[in-house]
Every structure is written in C-alpha cells, then in structure tokens.
Amino acid sequence: MTAALGAWYRGQARVMPWRISPRDWAAGMRPDPYRVWLSEVMLQQTTVAAVRGYFLRFTESWPDVCALARAPEADVMAAWAGLGYYARARNLRACAARVAEEHAGRFPDTEDGLRALPGIGPYTAAAIAAIAFDRRAVVVDGNVERVVARLFAHEEPLPRARPALRALADRLTPAQGAGQHAQAMMDLGATICTPRGPRCEICPLAGGCAARARGIAAELPRKAPKPEKPVRDGVAFVALRHGDGAVLLEQRPPKGLLGGMTGFPGCDWQGAETAPPLAADWRAATTEVRHTFTHFHLRLRVMVAEVGTDARPDRGAFVARDVFDPGALPTLMRKVWAAALPALPSVFQE
DNA sequence: GACTCGTGGGC
DNA sequence: TGCCCAAGAGT
C-alpha cells in the first residue's frame, strides 16, 4: 500500500513554491528548512490557494530566517494581514528571533527541538523534522486523520478518535522517507480523499480501504456536533481629518481577537460601553458590516465623521492618507473601510 | 479537554 | 444564504 501511495505521489504535478521536485528529492536534495517552516505555519488551518501569494511575498521580503528576525514586528503583521489567526504572525517573528539568536540561524533538526519554539506545535514540528531533515516523524494533520479513519474504517468520532488515528498513522509511517510519505498522505487528502465527495475511483489506496469496502468513506471521519455561533453587535468609528484626509487608526491589544493588528476604533463586541474616540458629528454609514469569525457572527455599525485639524482623539492616532494602506488591515477592517467610503466626501474617495 | 483564534471557497 | 471546511497552536 505504501508503494502505491509513493508511486501516485511521484506522478503528481506539484507547483507549490515551498516544494522541491521528486527528482531533486531522489537526488538527495532537501528543501530549505526556513521555507518548510514558513509554509507549514502559513498552512495551519489555511488553504494552499490562500497561502501561495503570502509565501511568495514573505520570501521575497525576507529570504532567510535572520532577515525575518530583523524585521520590525509591524512590518510582519502588515504582511500577514488578511491571512488570519494573527497570533501566528507574532509567533513567527518570535520564532525567527529565537532561531537567529539561540541557534545561529539554523532550525533545530529534531521534533523536540522544533517543538520548543513558539508557534511550532506537534504537527508542525513533525512536518519540518520529516520534510526538511529526513527524520522519521509521524505527521498528523486533518488530512491524515481523514485518510487513516477511512483506510481503517475507524468510526469513533473526533476529537476522541485522535489518539487511535495517530497510532494508525504511526503504523503507516516508513522508517525511511517519512517526509515524502507525509506529503503524499496530505496531498491525497487534499485532492482525492476529500472531506466531501471523495474520488475513490481514482484513489491509489482504494483497494486497501476498509471504508470504501463498506461504502461509508464519505461519512468518515465522524465528528462531534458543533455548537451554534452567537451573533454579536458592535460599532466601528471611521474619522477623517479635514484638509489632509488623515485616517484615525489604532493598534489593537497584542492578544485576543485580531491581536496586534491595526484597526478602526470601536467597541469590544461584548456589549461594553461604546464611546466614540472623539467628539464629532458622527453619522451612520448606509451599509453595516457582517463578518463571521470562528466562533461567532459579527454585525458592525459603521460610524463616519470628518473632524478638524485640531482634533485630539482619546484613542488611536491619525495616519496620513498617503501612508494609510488598507491592505495592511485585517479583512474585517477592510470591510469597515469599504463600508465607510461611500459615506465620505468625494474628495476622500480615491 | 474545552475554548479562543480568521478567512475565503465550495456546495 | 448558511454551513462546512482547511497542512493547528496556545492557554
């Protein structure tokens, strides 16, 4: 079975910029640990399509771990904007600094060594150890859990099934070539053994798949029901300064939702008091912003005002219009900006 | 173990 | 449209 998987994997066309070709791999080359690490962190709970552009921009701006370690944190956060789970960006830079200072710019080559670094958990440590350093590591992500649950028709629901699925994944992991094996399993899960509508007809492992034999492949892995998402309400304030059109922005607290990111002043969406950041003639934008986070839906009223050049806000600071970059905002705040623009005087709408 | 933490695409 | 989901980690 492992042979069938390997043959399938070597025949796949892979165009991901953090990979090297199977030919180069067979010749003994290995991918740059920095690029493996960067891509694996970006890929945490994030699709390949969403990651590709970010990966290319990051490696262009910061070609190695020492360059990233030297980067101002605000630059890294701005470059990450839109990708989500912003604690990853903060941990990314912290990890780079640790590697640069404590490991002379070289990533540890063992799971334990990697696991000790910020932002590197069990999955990422195993993936880097296997893919970049040829270690035998058991790499288990959501893809592997799904593939293994189906191969062995393991019907116990997640997350309870996790230890058993890991043990099964361990049995499949070869002593040599664990990195290629891991990538093959994940690619299989991403392209054939998909959550919905698995393409068993073309699966290289169909012959040995217990769930396929029982006709329950699409039903696995079973999962515990998810709790309902509550709806929260809030307000965001968009203030523009007369004359120069400077925008009032604030840095969000380092931890918590959108931690460390730039945004428009507003409330905490928990029902707390919502005072404007300065006294002005606030008026509501015509459209409200809707945004869904992992565990709740948000409806934001957007308030807009133009203020005098003598305005002194309680919170945040005015940012010159030619410095303000909506692309450095998290997606929610980009939506706020998009909702505010039509309500602003036309001179501000370029 | 249970929460928290983003976003975009697919159906 | 609403819900599902994606190469998880930190607390």
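What you see is a predicted model; the values in this text were computed from it and never measured.

**Focus on the overall build of chain A**
Next up, step 1: When its secondary structure is counted, chain A shows 14 helices and seven strands.
Next up, step 2: Principal axes of the C-alpha set define a box for chain A whose edges measure 70 × 50 × 30 Å.
Next up, step 3: Looking at the 350 residues of chain A, the share that counts as buried comes to 35%.
Next up, step 4: The contacts in chain A between residues at least 6 apart in sequence include a share of 68% that link residues at least 24 apart.

**Brief notes about the pairing of strand β6 (residues 297-307)**
Next up, step 1: As defined by bridge partners, strand β1 (residues 231-241) adjoins β6 across eleven bridges and the pair is classed as parallel. The residue of β6 that forms the bridge with Arg 241 is Val 307.
Next up, step 2: Across two bridges, strand β4 (residues 283-284) lies against β6 in antiparallel orientation. Bridging across to β6, Arg 283 finds its partner in Val 304.
Next up, step 3: In this structure, strand β5 (residues 289-292) lies alongside β6, joined through four bridges in antiparallel fashion.

**Examining the protein's contact with DNA strand C**
Next up, step 1: Surveying the vicinity of DNA strand C reveals 28 residues, the closest of which are Gly 121, Thr 124, Asp 141, Gly 142 and Asn 143.
Next up, step 2: Contributing elements (two or more residues each) for the surface near DNA strand C: α9 (122-133), α10 (142-151) and α12 (178-191).
Next up, step 3: Considering each element in turn, the surface near DNA strand C owes the most residues, four residues, to α12.
Next up, step 4: Grouping the amino acids of the surface near DNA strand C by side-chain chemistry returns eleven nonpolar, eleven polar and six charged.

**Concerning the packing of helix α3 (residues 33-42) against α9**
Next up, step 1: Where α3 contacts α9, the axes come no closer than 10 Å and their chain directions differ by 145°. The handedness of the crossing between α3 and α9 comes out as right-handed. Here Pro 33, Val 36, Trp 37, Glu 40 and Val 41 of α3 come into contact with α9, specifically with Thr 124, Ala 127, Ile 128, Ile 131 and Ala 132.
Next up, step 2: Class assignment of the residues belonging to the contact of α3 with α9 gives a composition of eight nonpolar, one polar and one charged.

**Remarks on the domain arrangement of chain A**
A common way to state how big an interface is: give the accessible area lost once the parts meet.
Next up, step 1: As far as domains go, chain A holds domain 1 (2-219) and domain 2 (231-348).
Next up, step 2: Inter-centroid distance (C-alpha atoms) of domain 1 to domain 2 is 37 Å.
Next up, step 3: Listed as interface residues are seven residues of domain 1 and, on the opposing side, nine residues of domain 2.
Next up, step 4: Broken down by class, the residue content of the side of domain 1 that touches domain 2 amounts to five nonpolar, one polar and one charged.

**Focus: the packing of helix α1 (residues 2-10) against α12**
Next up, step 1: At a minimum axis distance of 9 Å, the contact between α1 and α12 shows a crossing angle of 75°. Taken together, the axes of α1 and α12 lie roughly perpendicular to each other. For the pair α1 and α12, the contacting residues are Leu 5, Gly 6 and Tyr 9 in the first and Gln 180, Gln 183, Ala 184, Asp 187 and Leu 188 in the second.
Next up, step 2: In terms of residue class, the contact of α1 with α12 is built from four nonpolar, three polar and one charged.

**Thoughts on the protein's contact with DNA strand B**
Next up, step 1: If you check the shell around DNA strand B, you find 22 residues, and the closest are Gly 84, Tyr 86, Thr 294, Pro 330 and Thr 331.
Next up, step 2: Contributions of two or more residues to the surface near DNA strand B are made by α4 (48-61), β5 and α14 (331-340).
Next up, step 3: Partitioning the surface near DNA strand B into residue classes produces eleven nonpolar, ten polar and one charged.

**Quick word on the nonpolar core**
Next up, step 1: With 92 residues, the main nonpolar core has Ile 128, Ala 130, Val 139, Val 238, Val 302 and Val 336 as its most contacted residues.
Next up, step 2: Of all the elements, α9 adds the most residues to this core, at nine residues.
Next up, step 3: Counting contributing residues per domain, this core is built from domain 1 (2-219) and domain 2 (231-348), each supplying no fewer than three.
Next up, step 4: Filtering out sequence-adjacent residues up to four positions away, Val 238 remains in contact with Phe 264, Val 302, Val 304, Val 336 and Ala 340.

**With respect to the environment of Met 29**
Next up, step 1: As for its position among the elements, Met 29 is in the loop between α2 (22-26) and α3.
Next up, step 2: Sequence spacing of Met 29 and Ala 132 is 103 residues, and the spatial spacing of their C-alpha atoms is 9.6 Å.
Next up, step 3: Residues in contact with Met 29, not counting those within four places in the same chain, are Ile 20 and Asp 24.

**A word on the environment of Ala 67**
Next up, step 1: Here Ala 67 shows up in helix α5 (residues 65-70).
Next up, step 2: Here Ala 67 falls in the partly exposed class, since 16 other C-beta atoms lie within 10 Å of it.
Next up, step 3: Placed 20 residues apart in sequence, Ala 67 and Ala 87 show a C-alpha to C-alpha distance of 20 Å.

**So, unusual backbone geometry**
Next up, step 1: A cis amide bond links Leu 158 with the next residue in sequence, Pro 159, at an omega value of 5°.
Next up, step 2: Along the polypeptide, Pro 159 turns up in the loop between α10 and α11 (162-172).
Next up, step 3: Unusually for a residue other than glycine, Gln 45 sits at a positive phi of about 60°.
Next up, step 4: One non-glycine residue, Ala 153, adopts positive backbone phi at about 50°.
Next up, step 5: Summarising the element assignment, Ala 153 is placed in the loop between α10 and α11.
Next up, step 6: By C-beta crowding, Ala 153 is classed as partly exposed, having 16 other C-beta atoms within 10 Å.

Each value, and the rule that gives it
- Residues numbered from 1 in each chain as written.
- Chains lettered and ligands numbered in written order.
- Predicted model: local features only at pLDDT ≥ 70, side-chain atom pairs only at ≥ 80, totals over all residues.
- Helix = DSSP H or I, 4+ residues; strand = E, 2+ residues; numbered from the N terminus.
- Buried ≥ 20, exposed ≤ 12 C-beta atoms within 10 Å, placed from the backbone.
- Contact = placed C-beta atoms within 7 Å.
- Pairing = 2+ DSSP bridges.
- Near = placed C-beta within 6 Å.
- Nonpolar A, V, L, I, M, F, W, Y, C, P; charged D, E, K, R; others polar.
- Axes fitted to C-alpha atoms, helices over the stretch in contact; angles between N-to-C directions.
- Left-handed = near helix turned anticlockwise from the far one by under 90°.
- Domains from an automatic or database assignment.
- Parallel < 35°, antiparallel > 145°, perpendicular 65-115°, else oblique.
- Core = buried A, V, L, I, M, F, W, Y, C linked by C-beta atoms within 7 Å.

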